[in-house]
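Coordinates in review
Each chain, written out:
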Amino acid sequence: MRVIIEPDYATMSRWAAAYVVHSIRQFNPTKDRPFVMGLPTGSTPIGMYQNLIKLHKAGKISFAHVVTFNMDEYVGLTKDHPQSYHAFMWDNLFSHIDIPKHNVHILNGMAKDLWAECDQYEQSIQRFGGIELFVGGIGPDGHLAFNEPGSSLASRTRVKTLNESTVIANARFFDGDLSRVPRTALTVGVGTVMDARQVMILANGSGKARAVAAGIEEGVNHMWTVSCVQMHPHAIFVCDDDATLELKVGTVQYFKSIEKDNLDPDKMLIG
Ligand code: PGA
């Protein structure tokens, strides 16, 4: 596992965006061989999305041959509900880049048969040959997508009940009103994320520090589902300093030292 530690949210967001651009360019996608990405919602990736938009507008990257699969969606919110993850993704990224609409995949939380919707999502990922780079945030409880503590580390896309701490954390997007936060969601499974060729986890702020420490320093454990990435051959944690507050000083120094030549996001954008 790689651990990139940047001083602040702005720099880690620039690093994550530069890594995405670098990965897409290296892959050199075409219409018949698109670059397939997994994408998160939430407050964490917004800085990365803003940087991707900036890089796109500066002519540094095209998303014409990029295919996306979002991690999750609430059950019971229509696509145009302002708090749906559909609305989030179009507002924060897709409307500002050149991705064709039909390349975007987001689970439909209004589907009549939610389980069939989840099965079809898995099949659709397979049809594209799997996901090249899965980008994810984490919850304070270490959840990855909506894979709450105790989720099977072999899980696939399915219907999940959100736990109380996630409902409370997400109430900020619903004017703090817990009663308006959906209690169930569709989410890719831990196994779905683990099948990606690369996984990049973003974490900022001291609120994520315990989850980051569990994910990096403790054992693989279904109570901190993000810890699964220890078993992934190409996983990267991208953190700001605050998110590393619960890591051992030695762990932080270790990763800062081995990544010291790789911390400048602009280096990845050369060429
Ligand atoms: P956040 O959510 O980015 O809004 O902190 C992350 C998550 O819950 O996975």
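Described in the following lines is the structure provided in the data block. Not measured: the values here are computed from a predicted model.

Further remarks concern the site of the ligand. Surrounding the ligand, one finds Gly-42, Ser-43, Thr-44, Gly-137, Ile-138, Gly-139, His-143, Arg-172 and Lys-208. Within the backbone of Ser-43, a nitrogen or oxygen atom sits 2.9 Å from an oxygen atom of the ligand. Thr-44 places a side-chain nitrogen or oxygen 2.4 Å from an oxygen atom of the ligand.

The next point concerns helix 4 (residues 114-127). The terminal C-alpha atoms of helix 4 lie 20 Å apart, and with 14 residues this matches the ideal 20 Å at 1.5 Å per residue to within 8%. Restricting attention to buried positions, one finds in helix 4 the residues Leu-114, Glu-117, Cys-118, Tyr-121, Glu-122, Ser-124 and Ile-125. The buried residues of helix 4 occupy an angular sector of 160 degrees when the element is viewed end-on, so they sit on one face. Packed against the buried residues of helix 4 are strand 3 (66-70), strand 5 (104-105), strand 7 (158-161), strand 8 (184-187) and helix 6 (190-194). Residue Gly-129 follows helix 4 closely and has a positive phi angle near 80 degrees.

The next subject is helix 2 (residues 46-57). Here helix 2 contains twelve residues, and its C-alpha end-to-end distance of 16 Å stays within 8% of the 16 Å for a straight helix at 1.5 Å per residue. Every buried residue of helix 2 is listed here: Gly-47, Met-48, Tyr-49, Asn-51, Leu-52, Ile-53, Leu-55 and His-56. Tucked into the core, helix 2 has its buried residues touching helix 1 (9-27), strand 2 (35-39), helix 3 (85-92), strand 6 (133-136) and strand 9 (198-203). Remark: Gly-59 follows helix 2 within two positions and exhibits a positive phi of approximately 80 degrees.

Definitions and limits used
- Sequence positions are assigned chain by chain, starting from 1 and proceeding in written order.
- Where local features are concerned, this predicted model is filtered to residues with pLDDT of at least 70; where side-chain atom pairs are given and counted, the filter is 80 or more; whole-chain, interface and lining totals use all residues.
- Hydrogens and waters are ignored; side-chain quantities use all the structure's heavy atoms.
- Proximity is defined per residue: if any heavy atom of the residue lies within 4 Å of a molecule or strand, that residue is considered near it.
- Polar contacts, as used here, are pairs of N or O atoms within 3.5 Å; protein pairs need one atom able to donate a hydrogen and one able to accept it. Residues neighboring in sequence count only if both atoms are side-chain atoms.
- In DSSP terms, a helix is any run of H or I states spanning at least four residues, a strand is any run of E spanning at least two, and both are numbered starting from the N terminus.
- Helices are assigned an expected span. That span is 1.5 Å times one less than the residue count.
- Relative accessibility under 20% of the residue-type maximum defines a buried residue, over 50% an exposed one, and the middle range a partly exposed one, all with a 1.4 Å probe and only protein chains included.
- To obtain the arc, one takes the directions from the helix axis to the C-beta atoms.
- Only heavy atoms enter the contact rule, under which two residues are in contact if any of them lie within 4.5 Å.

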